[in-house]
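Commentary on secondary and tertiary structure
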Amino acid sequence: MSIPVFQINPILIAAAVIPAIILLIRIEKADRLEKESPRLLASLVLFGIISTAIAEVLEMIGITVLDMFFEEETVLYDVLLYFGIVAFAEEGAKYVLLKRRTWKNPEFNCQFDGVVYGVFVSLGFALWENIGYVASFGLSVALIRAVTAVPGHACFGVFMGAWYGMAKRREGMEDFAGSKKFRVGALLVPALLHGLYDFIASRSTESSSLVFFGFVIVMFLVANRLIKHVSDNDAYIPILPFGSQGPQK
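Let us look at the structure shown here. This one's a predicted model, so the numbers in the text were calculated from it and none came from an experiment.

Our focus in this paragraph is the nonpolar core. F112, F120, L123, Y197 and M219 are the most contacted members of the largest nonpolar core, which has 49 residues in total. For this core, the elements supplying multiple residues, two or more each, are α1 (10-29), α2 (38-69), α3 (75-102), α4 (113-137), α6 (149-172), α7 (176-202) and α8 (206-232). Among the elements that make up this core, the one with the highest residue count is α6 (11 residues). The contacts of L123, once residues within four sequence positions are left out, are A20, L23, L24, V150 and A154. Core analysis: the next-biggest nonpolar cluster, separate from the first, contains seven residues, L66, Y77, Y82 and I85 among them.

Quick look at the structure:
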């Protein structure tokens with residue numbers, strides 16, 4: 001049974017929150033061209049927290065439908081659960097709120113901004129989710145999630161943000177078809193990675209544990225390389241001529 005947040009031991013709260021804060025500071029420091037306003041960044045963390053509630057509702061609906069047609073504890077059930085429901089519910093909720101808050105915001109004027117925004121939303125999600133796990137299961141779970149789930153959500157945010165920032169840049173270049181493709185990628189790529197993460201983690205064999213940690217390490221390394229690449233090659237996004245907004249769906 002979970003404990004109300006205000007009754008949780010402060011040490012447990014710190015264990016849940018500090019990993020996300022460290023990663024938020026790191027990604028903010030990598031934003032070298034033009035820093036984002038604290039108000040915008042704080043709102044993105046809040047939107048990430050809100051996305052946990054949206055994702056939970058979507059997952060409940062999806063699982064109810066899944067249980068009507070498929071037998072539990074089968075590989076097919078798990079594939080549909082983790083790839084089709086959990087991954088798209090969570091990454092989809094993050095993406096919708098991310099786009100609603102930032103796409104037309106005048107502060108979104110550099111390509112790396114997309115990475116910053118994606119990570120802040122994702123870590124808002126991870127922060128709140130982590131507090132929930134700590135409230136239910138204690139410090140040992142917090143420590144495990146500090147090195148797996150929290151950085152995992154940060155990685156999903158990096159991939160979402162990298163594609164999202166490129167989509168905004170393509171729009172600025174009046175390549176509206178290219179922008180749409182990158183926006184689709186901003187959802188599909190992190191959803192695929194999220195699905196793989198959860199599916200591998202759900203396996204209960206010794207070999208699957210090794211595969212899981214190998215997958216996590218590779219994802220972390222690639223995400224860190226991607227942060228450096230996008231940061232080193234960051235550039236201001238061209239401003240669209242008035243009236244040249246193009247399709248936004």
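Still more to cover.
Another point: the environment of I227. Tracing the backbone shows I227 in helix α8. The spacing of I227 and V116 is 111 residues in sequence and 9.6 Å in space, taken between C-alpha atoms. Setting aside anything within four residues of it in sequence, one finds I227 in contact with R26, I27, A30, F112 and V158.

Together, V57, I61, V65, M68, F69, F70 and L76 give the surface a local cluster of nonpolar side chains, amounting to about 710 Å² of exposed area. Mapped onto the fold, V65 is located in helix α2.

For the rest of this paragraph, the subject is the packing of α3 against α7. As a packed pair, α3 and α7 sit with axes 8 Å apart at the nearest point and diverge in direction by 140°. Between α3 and α7, the interaxial angle falls into the category oblique. Two packed elements cross with a definite hand, and for α3 against α7 that hand is right-handed. Across the contact of α3 with α7, the residue classes break down as 16 nonpolar, four polar and six charged.

Along its 27 residues, α8 runs 39 Å from first to last C-alpha, staying within 8% of the 39 Å computed at 1.5 Å per residue. Turning to α8, its buried residues number three or more, namely S208, F212, F215, V216, M219, F220, A223, L226, I227, V230 and S231.

For the rest of this paragraph, the subject is the pattern of salt bridges. Pairs can form between side chains of opposite charge whenever their charged atoms are close. Following the criterion strictly, the structure yields five salt bridges and no others. Residue E171 is joined to K168 by a salt bridge in which the shortest nitrogen-to-oxygen separation is 3.3 Å. Taken together, the positions of E171 and K168, both in helix α6 and three residues apart, correspond to about one turn of that helix. For E171, a relative accessible area of 4% puts it in the buried group. Using a relative accessible area of 12% as the deciding quantity, one classes K168 as buried. Note that D175 and R170 form a salt bridge whose closest N and O atoms lie 3.4 Å from each other. Judged by relative accessible area, D175 falls into the partly exposed class, the value being 26%.

Residues D67, E71, E72 and E73 make up a contiguous surface patch of negative charge. Along the polypeptide, E71 turns up in the loop between α2 and α3. The class of E71 is exposed, set by a relative accessible area of 61%.

The rules behind the values
- Sequence order as written defines the numbering, with residues in each chain counted from 1.
- Per-residue local features of the predicted model are confined to residues with pLDDT of at least 70, and side-chain atom pairs are confined, for both listing and counting, to 80 or more; whole-chain, interface and lining totals are unaffected and use all residues.
- Water and hydrogen atoms play no part in the side-chain values, which are based on all heavy atoms of the structure.
- Residues belong to one nonpolar core when they are buried, are Ala, Val, Leu, Ile, Met, Phe, Trp, Tyr or Cys, and are joined through side-chain atoms within 4.5 Å.
- Working definition: with a 1.4 Å probe on protein chains only, accessible area under 20% of the residue-type maximum means buried, over 50% means exposed, and in between means partly exposed.
- Runs of E in the DSSP output that reach at least two residues are strands. Runs of H or I that reach at least four are helices, and both are numbered from the N terminus.
- By the convention used here, residues are in contact when the closest approach between their heavy atoms is within 4.5 Å.
- Patch membership requires more than 30% relative accessible area and the absence of a salt bridge. Residues of like charge join within 9 Å; the nonpolar side chains Val, Leu, Ile, Met, Phe, Trp and Tyr join within 5 Å.
- Reported accessibility uses the Shrake-Rupley method at a 1.4 Å probe radius. Residues are deemed covered only where the shown protein chains occlude them.
- What counts as a salt bridge is simple: a side-chain nitrogen of Lys or Arg found within 4 Å of a carboxyl oxygen of Asp or Glu.
- Here an axis means a line fitted to C-alpha atoms, over the contact stretch when the element is a helix, while the angle between two N-to-C directions is reported on a 0 to 180 degree scale.
- To sort the angles, those under 35 degrees are grouped as roughly parallel, those over 145 as roughly antiparallel, those from 65 to 115 as roughly perpendicular, and the leftovers as oblique.
- Helix crossings are classified by the rotation of the near helix relative to the far one: an anticlockwise turn of less than a right angle makes the crossing left-handed, while a clockwise turn makes it right-handed.
- In this count, Pro and Cys sit with the nonpolar residues alongside Ala, Val, Leu, Ile, Met, Phe, Trp and Tyr, while Asp, Glu, Lys and Arg are called charged and the others, Gly among them, polar.
- Expected helix span is taken as 1.5 Å per residue step, with the number of steps being one fewer than the number of residues.
- We treat Lys and Arg as the positive residues and Asp and Glu as the negative residues; His and chain ends play no part in the count.
- Where a charge lies is defined by one atom per residue type, namely NZ (Lys), CZ (Arg), CG (Asp) and CD (Glu).

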